[in-house]
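Fold and geometry: a report
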Protein chains: 2
Amino acid sequence: MKTFFSEEHRRHFPQAELSGGQFVTPYERPSRVEYVLARLKERGMTDIVAPGAPDMAAIRALCAPDYLDFLENAWAEWKAEGMAGEIIAANFPARRMQAGRPPRNIDGKVGYYALASETAMTGGTWAAALSSAASAQAAQAHVAGGAKSAFALCRPPGHHATADMYGGYCFINNAALVAEAFRRDGAGRVAILDIDFHHGNGTQDIFYDRGDIFFASLHGAPEDAFPYFLGFADETGVGAGEGTTANYPMLPGTGYGPWSAALDDAIARIRAFGAEALVVSLGVDAYKDDPISFFKLDSPDFMDAGRRIGTLGLPTVFCMEGGYAIEAVGVNAVNVLEGYQDA
Amino acid sequence: MKTFFSEEHRRHFPQAELSGGQFVTPYERPSRVEYVLARLKERGMTDIVAPGAPDMAAIRALCAPDYLDFLENAWAEWKAEGMAGEIIAANFPARRMQAGRPPRNIDGKVGYYALASETAMTGGTWAAALSSAASAQAAQAHVAGGAKSAFALCRPPGHHATADMYGGYCFINNAALVAEAFRRDGAGRVAILDIDFHHGNGTQDIFYDRGDIFFASLHGAPEDAFPYFLGFADETGVGAGEGTTANYPMLPGTGYGPWSAALDDAIARIRAFGAEALVVSLGVDAYKDDPISFFKLDSPDFMDAGRRIGTLGLPTVFCMEGGYAIEAVGVNAVNVLEGYQDA
Ligand SMILES: [Zn+2]
Ligand SMILES: [Zn+2]
């Protein structure tokens, strides 16, 4: 399996994450991908290439124009306003405050386009997010060109980003870009399987009314886990998308037994849906030692999960998402890929 | 004029305010009221008394039960979860994430009940908020008992708090408690005039569908100023409350000329409404040197504003709200009271 990866990810390296009422070093940090690269090499998966420039037309087709303008210009506006720190959202269109008018002031604008405050933006964030999207796009093109599968080693991740909001370390929804590209390249139906510990709220939001794209997510129950306000089992899609969203929220302490049962159910639903291509939002924070998650998967479980995903026999793009037990991220992510290849 | 004030306000003294991507010492700090007390004494307004216990039944009638439970227990839950810092909201029911299900986890719960992240909560916040509400209630009782007016030197302030959300330094809406108390004591119609620099989003939200309570707010335009997402001129109320909300958003640099014209219009509307009692949300952050605001009122303007308010001739409770040019807060707030008394 070929890996697509851009060193430009380093341009996104905020110093601060708001957590527990304090600033901590962000859990989502550049060193995460070093462990994945090292493990790929250790396992002989050395076909690792840099993507070309991002396909901006596809990014513009996915995201709201005002949101992309915001991502591109936020740092300059923030600094012009005299803000001393990194960009961190402090004001929100809270309950019953959602008239939908984005503020002029950058401090308000940040809150309008954010869905959480843990994620800081810096001067390099936009470039890094584009390079991450470019890796996803290149991986999809590789598969559309005939490869069975590809791995987009995306950083920053994407699955929390909607068409018009960032948060949960995500800015542009890489998995959604891949799904849309598969559709444009001729796949009638596409499935996205999100095995990151956190609910893929952004991906769900983007495709919630779409009958041609199936979205399944295995994640910590929203009552207990970020992003807290989406990912309930009764969210199943609307309109043409009714029945094309499948959420599997699970409680603290969930191990591989119930988790893999949910995975099997999701796989069966994807098969029944008739997907012709698959996107896997590959987060490995379901790992037992992940510092911000509460599932109990062990490293071999990720290989088994990869095998089960492989039984679908679909052209597949894996997009890297979360995983914060940094030294184990490489083994766990590559285990999924190896399991898939073994299937 | 008698002043109601509780020393319990000191129990709310967070160390951190999220501002410009950094933590700064909160603008809303205990020393603010010291300057008001000093100025009251300087001007011979020495009738300053502590309120009794808060009327909890009235607070429960105003606020959502789950919100009050949250305020009372948040600190214990936050500490039980092992959080190291003060309570600061980091996750929100953002756009299209408002299913309305409060999380179990305290980190998610905080975001559900917050409308912004600048406001930290600590172990003493609940007690301080109750003492502030008690001052407002005691001031109202004093006026209901026959006094022409009273000053509730409230801290923390209240006008950003809704029945179920805190933020903007506010936890319990003191002005709303006073308005409801006037209604219970027999006033058929009550007006709330909010001259704080910031839109009184909480007060508006509480009474938006009420025909018996008129709300007028003079404030920085929401495009440019906190709370950013409410306070537009076209928000005029709904249902029975249609026409009983009047917003006067004004642009950066607004001076006393246009500001006092808006005040006159609000006063005329209150007179036409037929209010029998008046609550003034007395913020003085419209002052030219306020560090977080952008109007250009000078200290004598506040006295003139008080005189204009006094022409209504209504029984009036003044509730202290914002004002962060700390050394000027006393002069400006007491100027409003003196102007009112001179009218
Ligand atoms: Zn995750
Ligand atoms: Zn204010």
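Taking an unreviewed UniProt entry as the reference, chain A is identified by name as Acetoin utilization deacetylase AcuC-like enzyme belonging to Albidovulum denitrificans. UniProt, in the comment section headed Cofactor (unreviewed entry), describes chain A in these words: "Zn(2+)".

1. Quick word on the pairing of strand 9 (residues 277-282) of chain A
Side-chain direction in a regular strand flips from residue to residue, so the side chains alternate between the two faces of the sheet. All names here are of chain A. The buried fraction of strand 9 amounts to 6 of the 6 residues, a majority that puts the element mostly inside the structure. Side chains of strand 9 alternate between two faces, with Ala-277, Val-279 and Ser-281 and Leu-278, Val-280 and Leu-282 buried alike. Examined bridge by bridge, strand 6 (residues 190-194) and strand 9 share 5 bridges and lie parallel to one another. The residue bridging Ala-191 from the neighbouring strand is Leu-278, located in strand 9. Handedness of the strand 9-helix 9 (residues 299-310)-strand 10 (residues 316-320) crossover: right-handed.

2. Examining the interface of chain A and chain B
Across the contact, 53 residues belong to chain A and 53 residues belong to chain B. Roughly 4700 Å² is buried in total at the junction of chain A and chain B, and carbon and sulfur atoms are behind 56% of that figure. When residues of chain A are sorted by the area they lose upon contact with chain B, Arg95(A), Met97(A) and Phe229(A) head the list and together hold 19% of the total. In this assembly, chain A and chain B are joined by 12 salt bridges. Here Arg96(A) makes a salt bridge to Asp205(B), at a shortest N to O gap of 2.7 Å. Inspection of the region where chain A meets chain B yields 24 residue pairs in polar contact (both at pLDDT 80 or more). For the side of chain A that touches chain B, the element with the highest residue contribution is helix 4 (residues 106-113) of chain A, accounting for 5 residues.

3. Re the relation of the copies chain A and chain B
Note on the copies: chain A fits chain B at an RMSD of 0.0 Å, the axial shift is 0.0 Å, and the rotation between them is 180°. What the rotation and shift describe, once combined, is the action of a two-fold rotation axis. In terms of proximity to the rotation axis, the leading residue of chain A is Ala94(A), whose C-alpha is 3.4 Å off the axis. By residue overlap, the copies meet face to face through one surface: 100% of the interface positions of chain A are interface positions in chain B.

4. Description of the coordination of the zinc ion (ligand 1)
Residues and elements named next belong to chain A. In this structure, Asp-196 (OD), Asp-196 (OD), His-198 (ND1) and Asp-285 (OD) serve as the protein donors to the zinc ion (ligand 1), at separations of 2.0 to 2.8 Å. Here the zinc ion (ligand 1) binds 4 donor atoms, and the angle range of 51 to 157° at the metal identifies the geometry as irregular. Along the chain, the residues donating to the zinc ion (ligand 1) are arranged with the sequence spacing D-x1-H-x86-D. The exposure classification of Asp-196 matches that of His-198, with both residues buried.

Rules used throughout
- Residues numbered from 1 in each chain as written.
- Chains lettered and ligands numbered in written order.
- Predicted model: local features only at pLDDT ≥ 70, side-chain atom pairs only at ≥ 80, totals over all residues.
- Heavy atoms only, no water.
- UniProt positions renumbered as here; feature names shortened; annotations may be inferred.
- Buried < 20%, exposed > 50% of the residue type's maximum accessible area, 1.4 Å probe, protein only.
- Helix = DSSP H or I, 4+ residues; strand = E, 2+ residues; numbered from the N terminus.
- Pairing = 2+ DSSP bridges.
- Right-handed = clockwise from strand over helix to strand, strands pointing away.
- Contact = heavy atoms within 4.5 Å.
- Buried area = accessible area lost by both parts, 1.4 Å probe.
- Salt bridge = Lys/Arg side-chain N within 4 Å of Asp/Glu carboxyl O.
- Polar contact = N/O pair within 3.5 Å; in protein donor to acceptor, adjacent residues only side chain to side chain.
- Least-squares fit on C-alpha atoms with pLDDT ≥ 70 in both.
- Donors = N, O, S within 2.8 Å, 3.2 Å for Na, K, Ca; no water.
- Tetrahedral: all angles 85-135°; square planar, octahedral: opposite > 155°, others 65-115°.

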